[in-house]
Amino acid sequence: MAIILPLLLAAHLSCGIRTVGYRFVGRPGQTFKYGSRTYVVPRQGWIELIADGATTVRVGRRSIPLNAWPADEFSIRHVPLPKDE
């Protein structure tokens, strides 16, 4: 135990995940495609999804890169959906 404790205290652990999820913000009823599924923005105007490795979101005919917005302190990216579909 005397050897393990200093090693644990000196260790810097990280998982390498840069984005945990996304909060897509848009108008209620707006549809978008993230990954292989299509979603509808609910009445509150936003929906949070766990990151699945997709790098873009599709709104209408537009494909938008997801890394354009910074991640917050919880590694969630807030993505405003374009108003015109």
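The structure reproduced in this document is the subject of the present report.

Rules used in this analysis
- Residues numbered from 1 in each chain as written.
- Predicted model: local features only at pLDDT ≥ 70, side-chain atom pairs only at ≥ 80, totals over all residues.
- Heavy atoms only, no water.
- Core = buried A, V, L, I, M, F, W, Y, C linked by side-chain atoms within 4.5 Å.
- Buried < 20%, exposed > 50% of the residue type's maximum accessible area, 1.4 Å probe, protein only.
- Contact = heavy atoms within 4.5 Å.
- Pairing = 2+ DSSP bridges.
- Helix = DSSP H or I, 4+ residues; strand = E, 2+ residues; numbered from the N terminus.
- Axes fitted to C-alpha atoms, helices over the stretch in contact; angles between N-to-C directions.
- Phe/Tyr/Trp six-rings, centres within 6.5 Å; stacked < 30°, edge-to-face > 60°.
- Lys NZ or Arg CZ within 6 Å of the ring centre and 35° of its normal.
- Salt bridge = Lys/Arg side-chain N within 4 Å of Asp/Glu carboxyl O.

**What to know about the nonpolar core**
Grouped together as the largest cluster of nonpolar side chains are 15 residues, with contacts concentrated most on F24, F32, Y34, L49, V57, L66 and L81. When sequence neighbours within four positions are dropped, the list of residues in contact with V57 reads F24, F32, K33, R62, S63, I64, L66 and L81.

**Some points on the pairing of strand β3 (residues 37-40)**
As paired elements, strand β2 (residues 31-34) and β3 share four bridges and run antiparallel to each other. Following the sheet pairing, T31 is matched in β3 by V40. Connecting β2 to the antiparallel partner β3 that follows it, the hairpin turn spans two residues, and G35 within it adopts a positive phi of roughly 65 degrees.

**A few points about the sheet that holds strand β5 (residues 56-59)**
With antiparallel pairing, four strands are arranged side by side in an open sheet as β3-β2-β5-β6. Where the open sheet ends on each side, the last strands, each with one partner, are β3 and β6 (62-65). Going across the sheet, the axis of each strand differs from the next one's by a mean of 30 degrees, ignoring polarity.

**Some remarks on the packing of aromatic side chains**
A full pass over the atoms with the stated rule returns five aromatic pairs. Here Y22 and Y34 contribute two aromatic rings whose centre-to-centre distance is 5.6 Å and whose plane-to-plane angle is 65 degrees, an arrangement assigned as edge-to-face. Remark: Y34 occurs in strand β2 and Y22 occurs in strand β1 (residues 21-25); sequence separation between them is twelve residues. Taking relative accessible area as the criterion, Y22 reaches 7% and is therefore assigned buried. Ring centres of F32 and Y39 lie 5.7 Å apart, and the angle between their planes is 25 degrees; this geometry places the pair in the stacked category. In this structure an aromatic cluster arises from ring pairing among Y22, F24, F32, Y34 and Y39. One Lys or Arg, R23, reaches over the ring of W46 and ends 3.7 Å from the middle of that ring.

**Focus: the pattern of salt bridges**
Two side chains that carry opposite charge are able to pair once their charged atoms sit near each other. A complete count under the given rule lists one salt bridge for this structure. Among the ionic pairs, R23 bridges to E48, the shortest N-O distance being 2.9 Å. On the criterion of sequence distance, the pair formed by R23 in strand β1 and E48 in strand β4 (residues 46-50) is long-range, its members being 25 residues apart. Here E48 falls in the partly exposed class, since its relative accessible area comes to 44%.

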